[in-house]
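# Observations on the three-dimensional arrangement
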Amino acid sequence: VAERRKGAVVPLDDHRRSEIREVNGRMAGDALRVLAFASRELAAEAESKRNEDVVRREFADLRNRAETLLYTCGRSLEAFGDALDEVDRRDIEDDMQRLTALMEGDATPDELRDALQALENSSHQIYEAMLANADEEGVEDLGSEDQSGA
């Protein structure tokens, strides 16, 4: 048991307890009441909660990244899926299905992180197909300009 004096926590010894009882008795004689307040240090609990918040925030960030990547990959497959070979397209779709299932279930952060990384890796094929498509269109455009300018 301790008391707070001038902002510092000081152990409450028998002598100090006796002083407090004496003052309380004098105040009661004057029809005054003494109010006592109890408190506890919350530093350890606050630190524990902070760590929990960090974990929850990281998990929420993972879920947000996963939702964004799933949406982007879905849209990109609609637009450029025909430019992918069947194996790459199937890998991306499988990774999307796995990540979606984890998002709908009780996935651990590590499971979610692994599935997200797998989709990030496989989805690079969409970017490659986009570049190849842009290069082909650029070559076709140059060819048509040469023919029209001749």
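See the structure printed just above.
Residues numbered from 1 in each chain as written. Predicted model: local features only at pLDDT ≥ 70, side-chain atom pairs only at ≥ 80, totals over all residues. Heavy atoms only, no water.

Our focus in this paragraph is the side chain of D95. As for its placement among the helices and strands, D95 is situated in helix α3 (residues 86-104). Here D95 sits buried without a salt bridge, and the closest side chain of opposite charge, R98, lies 5.4 Å off (N-O distance). Every residue in contact with D95, bar those within four places of it in the chain, is listed here: A118, L119 and S122. (Helix = DSSP H or I, 4+ residues; strand = E, 2+ residues; numbered from the N terminus. Buried < 20%, exposed > 50% of the residue type's maximum accessible area, 1.4 Å probe, protein only. Lys, Arg positive; Asp, Glu negative; His and termini not counted. Salt bridge = Lys/Arg side-chain N within 4 Å of Asp/Glu carboxyl O. Contact = heavy atoms within 4.5 Å.)

The biggest cluster of nonpolar side chains holds 19 residues, and the ones touching the most others in it are I92, M96, L99 and L119. When residues no more than four places from it in sequence are discounted, the contact partners of M96 are L70, C73, G74, L77 and L119. (Core = buried A, V, L, I, M, F, W, Y, C linked by side-chain atoms within 4.5 Å.)

Turning next to the pairing of strand β1 (residues 2-5). Relative to strand β2 (residues 8-11), β1 runs antiparallel, the two being bridged by four bridges. Each residue of the ladder has a partner; that of R4, found in β2, is V9. Where β1 folds back on β2, the antiparallel hairpin that results is connected by two residues, among which K6 adopts a positive phi of roughly 50°. (Pairing = 2+ DSSP bridges.)

Attention now moves to the layout of surface pockets. Unfilled space is identified by rolling a water-sized probe across the atoms. Empty space within the second largest pocket amounts to approximately 150 Å³. Those elements that provide at least two residues to the lining of the second largest pocket are α2 (43-80) and α4 (109-149). The leading source of residues in the lining of the second largest pocket is α4, at six residues. (1 Å grid on protein atoms, 1.4 Å probe; cavity = no way out; pocket = protein on both sides within 12 Å on 5 of 7 lines; lining within 4 Å. Points joined across faces, edges and corners; volume = space filled by probe spheres on them.)

Now for the pattern of salt bridges. Under the criterion given, the structure shown has ten salt bridges. Among the salt bridges present, the one from E22 reaches R26, with a minimum N-O distance of 3.0 Å. Placement of both E22 and R26 in helix α1 (residues 14-29) is noted, with a separation of four residues, approximately one turn of the helix. For R89, the salt bridge is made with E93, and the minimal N-O distance between the two is 3.2 Å. One end of the pair, R89, and the other, E93, are both in helix α3, four residues apart, so they sit about a helical turn from each other. A residue is classified by how much of its surface remains accessible, and R89, at 23% relative accessible area, is partly exposed. Several salt bridges converge on common partners, so that one network encompasses R89, R90, E93 and D94.

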